[in-house]
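Examining the three-dimensional arrangement
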Amino acid sequence: IGRVLAAACNVVNPEAIVVGGELAAAGDQLLRPVRAAIKEFAHRQVRRRLLIHTATLGQEAAPRGGIALVLRRSALLAGYPPTADADDETSQPTETDRAIHGRRLR
């Protein structure tokens, strides 16, 4: 598991790894060798700030996190519902506005 996670970290350079489900129940018995493998096989710049934790939010944390990520990062859904400032003529377009409507907005 540690070697696979190290390889994945070398590719995507995550800020954190959260081990959940049945694997999280193993606790330090799992995390200790995983950390050792990541230290050995992951690039130094990748592992330097990498945090490795066990999940604490229960079985529904992963799907909820995925939904939150989509809602937060989606160009079509970011900023929904519109805020009261959206109708203000002095407000500047956001990056989301530019992504949806193109760079022609000022």
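Residues numbered from 1 in each chain as written. Predicted model: local features only at pLDDT ≥ 70, side-chain atom pairs only at ≥ 80, totals over all residues. Heavy atoms only, no water.

**Let's talk about unusual backbone geometry**
- The phi torsion at Asn13 lies on the positive side, around 50°, for a residue other than glycine.
- Structurally, Asn13 can be placed in the loop between α1 (2-12) and β1 (16-19).
- For Asn13, a relative accessible area of 46% translates into the label partly exposed. (Helix = DSSP H or I, 4+ residues; strand = E, 2+ residues; numbered from the N terminus. Buried < 20%, exposed > 50% of the residue type's maximum accessible area, 1.4 Å probe, protein only.)

**Quick word on the pattern of salt bridges**
- Inspection of the entire model under this criterion finds two salt bridges.
- Here Arg32 ties to Asp28 by a salt bridge, and the two come within 3.9 Å at their closest N and O atoms. Of this pair, Arg32 and Asp28 both sit in helix α2 (residues 28-41), four residues apart, roughly one helical turn. (Salt bridge = Lys/Arg side-chain N within 4 Å of Asp/Glu carboxyl O.)

**Here's the deal with the confidence of the model for the protein chain**
- Mean pLDDT over the protein chain stands at 78; residues scoring 70 or higher make up 72%.
- Mean pLDDT values over the elements of the protein chain span from 52, in helix α5 (residues 95-101), up to 95, in α1. (pLDDT = per-residue confidence, 0-100.)

**Considering the packing of α1 against α2**
- For the pair α1 and α2, the least separation of the axes is 8 Å and the interaxial angle reads 45°. One finds that α1 runs oblique with respect to α2. Here the hand of the crossing between α1 and α2 comes out right-handed. Together, Gly2, Arg3, Leu5, Ala6 and Asn10 of α1 and Val34, Ala37, Ile38 and Phe41 of α2 make up the contact between the two elements.
- The residue inventory of the contact of α1 with α2, partitioned by class, reads six nonpolar, two polar and one charged. (Axes fitted to C-alpha atoms, helices over the stretch in contact; angles between N-to-C directions. Parallel < 35°, antiparallel > 145°, perpendicular 65-115°, else oblique. Left-handed = near helix turned anticlockwise from the far one by under 90°. Contact = heavy atoms within 4.5 Å. Nonpolar A, V, L, I, M, F, W, Y, C, P; charged D, E, K, R; others polar.)

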